Amino acid sequence: MAGIIESSPAHKNFSRYDIRVIIKFSVILGKDASCIHKDLVTVLRENAPSIQTVRKWVKAVSEGRDDMEDEPRPGRPVTACGDANISNVLVSLSDDRRKTCEEISTETSMSRTSVFRVLTNKLNKKKKFSKWVPHLLTDEQKESRVNFSRNFLRRFQTEQNDFLSRIITGDETWVYSWDLETKRQSAEWRDFDEPRPEKVRRKQGALKVMHMIFFDMNGVILRWPVPIGTTINAQYYKKVLQDKLRPAIRKKRPGLLESGILFHHDNAPVLTARAVTDVLAGYKWELLEHPRYSPDLAPCDFHLFPKMKEHLRGQRFETEEDIIQATKVAIKNLDKCSYVTAFKDWLQRIEKCANNGGCYVE
């Protein structure tokens, strides 16, 4: 008998009504819920109802219920998710994808619950919040990012770590006398019934110092605080390259000047001026291209500066010298592996950019 049951597909053809009739018949025979459930599992296996369901119907039959059909349910029928309503929801969304379920409900004469069910279960939609991006990229700018990424990856595949080890990348950033700490930094362990901690939203400190920082896989080569009131133009940047960065490379990375530097910075007008490119060409430093509006592909912007400022947030500095010294300490406290991680993350971001059509990466 067991072999016949296991080999027969008939156990899949029992409807809920059929199962309830079997339960009713078994109750009349004097069987209890456990015995009935065991019989059902023997025949129906994974399609058998739960023991809770069997007990519910045993109780109903024992109390005199004869009708084994489902009782009428209040509310709209399941056809609210039919093809016509799905089409109506799609038409409503085509005008404005920010519409609420209530607004779509008003337009389509459907209940809010039905609208939500159509959106999530039938159309597989999910309402997503906008994210901040540096720039709304054009198709041409996306294509430029893809070309940069592919060229970078192609060269890395050819030269491997020798390529990365010769790259020096740099940028400038403001460091403020006070900057708000992040949500993660302000998190506290509290009891479940305690309220969330509060903090006052304030503006960044008025006093600030511009820092120009250059680094490679081995760490920071130059941290240069720009004197307050100084205008960073092409001539000033050229002077920093000549008088500060080049001597720092010679001192901290012996032999790198001779092996050939691959220099990377963004394409701000000051950095791409003729005076700057002439100096780089004179030093025989190869300038790596950088696509416009792409801080997500600049190691300083997506890695070094956030890591550095994480040590400074929430602290208050009274003088320019305090800011400079605190920045120096913050950089010194960064893990040595952090710089290798920055370059690995750079490769991963570039690969994502090449594969996602040039859109911003996180």
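Bear in mind that the values here come from a model prediction, so they are computed numbers and not experimental data.

The rules behind these values
- Residues numbered from 1 in each chain as written.
- Predicted model: local features only at pLDDT ≥ 70, side-chain atom pairs only at ≥ 80, totals over all residues.
- Heavy atoms only, no water.
- UniProt positions renumbered as here; feature names shortened; annotations may be inferred.
- Helix = DSSP H or I, 4+ residues; strand = E, 2+ residues; numbered from the N terminus.
- Buried < 20%, exposed > 50% of the residue type's maximum accessible area, 1.4 Å probe, protein only.
- Pairing = 2+ DSSP bridges.
- Salt bridge = Lys/Arg side-chain N within 4 Å of Asp/Glu carboxyl O.
- Patch = residues over 30% accessible without salt bridge, like charges linked within 9 Å, V, L, I, M, F, W, Y side chains within 5 Å.
- Areas by Shrake-Rupley, 256 points an atom, 1.4 Å probe, with all protein chains shown as cover.
- Lys, Arg positive; Asp, Glu negative; His and termini not counted.
- Charge placed at Lys NZ, Arg CZ, Asp CG, Glu CD.
- Contact = heavy atoms within 4.5 Å.
- Axes fitted to C-alpha atoms, helices over the stretch in contact; angles between N-to-C directions.
- Expected span 1.5 Å × (residues − 1).
- Arc of directions from axis to C-beta.
- Phe/Tyr/Trp six-rings, centres within 6.5 Å; stacked < 30°, edge-to-face > 60°.
- Lys NZ or Arg CZ within 6 Å of the ring centre and 35° of its normal.
- Parallel < 35°, antiparallel > 145°, perpendicular 65-115°, else oblique.
- Left-handed = near helix turned anticlockwise from the far one by under 90°.
- Nonpolar A, V, L, I, M, F, W, Y, C, P; charged D, E, K, R; others polar.

It is worth spelling out the UniProt feature "domain: Mos1 transposase HTH" (unreviewed entry) in the chain at this point. Following the UniProt record, one finds the feature "domain: Mos1 transposase HTH" (unreviewed entry) at residues 17–58. Each end of residues 17–58 is marked by a C-alpha atom, and these two atoms are 14 Å apart; helix forms 76% of the span and strand 0%.

Turning next to the pairing of strand E1 (residues 167–176). Of all 10 residues that make up E1, 8 are buried, and the element is covered over most of its length. With 3 bridges connecting them, E1 and strand E4 (residues 262–264) associate as parallel partners. Paired with isoleucine 168 across the bridge in E4 is phenylalanine 263. Pairing of E1 with strand E2 (residues 208–216), which is carried by 8 bridges, proceeds in the antiparallel orientation. Each residue of the ladder has a partner; that of threonine 173, found in E2, is histidine 211.

Scanning all chains against the criterion turns up 16 salt bridges. Of the charged contacts, one joins glutamate 102 and arginine 112 as a salt bridge, the two residues approaching to 2.9 Å between their closest N and O atoms. Placement of the pair is glutamate 102 in helix H6 (residues 101–108) and arginine 112 in helix H7 (residues 112–122), with a sequence separation of 10 residues. On the basis of relative accessible area, glutamate 102 is assigned to the partly exposed category, the value being 43%. Residue arginine 313 pairs with aspartate 179 through a salt bridge whose shortest N-O separation is 3.6 Å. Remark: aspartate 179 occurs in the loop between E1 and E2 and arginine 313 occurs in the loop between helix H13 (299–310) and helix H14 (320–332); sequence separation between them is 134 residues. Look at arginine 313 and you get partly exposed, because its relative accessible area is 28%. When salt bridges with common partners are traced through the structure, they connect Arg155, Glu159, Asp162, Arg166 and Glu286 into a single cluster.

Our focus in this paragraph is a positive patch on the surface. Side chains of Lys183, Arg196, Lys199 and Arg201 sit close together on the surface and give a patch of like positive charge. Within the element layout of this structure, lysine 199 appears in the loop between E1 and E2.

With that settled, the discussion passes to the sheet that holds strand E3 (residues 219–226). Read from one edge to the other, the open sheet built from 5 strands follows the order E3-E2-E1-E4-E5, with strand pairing classed as mixed. Two strands bound the open sheet, and with one partner strand each, they are E3 and strand E5 (286–287). Bridge count for E4 against E5 is 2 bridges, and the pairing is parallel. Bridged to leucine 262 within E5 is glutamate 286. In this fold helix H10 (residues 234–252) packs onto E1, E2, E3 and E4, with an angle of close to 145 degrees to the strand it touches most, E3.

Next up on the list: the environment of threonine 53. In this structure, threonine 53 sits in helix H4 (residues 51–62). Sequence separation between threonine 53 and leucine 90 is 37 residues, and the spatial gap between their C-alpha atoms is 38 Å.

Here the focus is helix H2 (residues 16–28). The end-to-end C-alpha distance of H2, which contains 13 residues, comes to 19 Å, matching closely the 18 Å that a straight helix rising 1.5 Å per residue would cover. Restricting attention to buried positions, one finds in H2 the residues Ile19, Arg20, Ile23, Ser26 and Val27. For H2, the buried positions fall inside an angular range of 120 degrees around the axis, keeping them on one side. The outward face of H2, more than 90 degrees from its buried face, is lined by the exposed residues Phe25 and Ile28. Residues of H2 that are buried sit in contact with helix H3 (33–44) and H4. Phi for glycine 30, located one or two positions after H2, is positive at around 95 degrees.

Quick look at the packing of aromatic side chains now. Throughout the structure, instances matching the rule amount to 10 aromatic pairs. Their ring planes at 50 degrees and their centres at 5.0 Å tell us that phenylalanine 152 and tryptophan 346 sit as a pair that is tilted. Within this pair, whereas phenylalanine 152 is found in helix H8 (residues 139–159), its partner tryptophan 346 is found in helix H15 (residues 337–355), the two being separated by 194 residues in sequence. Like phenylalanine 152, the residue tryptophan 346 is buried in the burial classification. Ring pairs connect the aromatic residues Phe148, Phe152, Phe163, Phe215, Tyr339, Phe343 and Trp346, which therefore count as one cluster. Across the ring face of tryptophan 174, the terminal group of lysine 208 is positioned such that the distance to the ring centre comes to 4.2 Å.

Moving on to the packing of helix H5 (residues 83–95) against H6. Contact geometry for H5 and H6: axes closest at 10 Å, N-to-C directions at 120 degrees. Here H6 runs oblique to H5, going by the angle between their axes. When you trace H5 past H6, the crossing you get is right-handed. Contact with H5, carried on its side by Asn88, Val89, Ser92 and Leu93, involves Ile104, Glu107 and Thr108 of H6 and no other residues of that element. Considered class by class, the residues forming the contact of H5 with H6 number 3 nonpolar, 3 polar and 1 charged.

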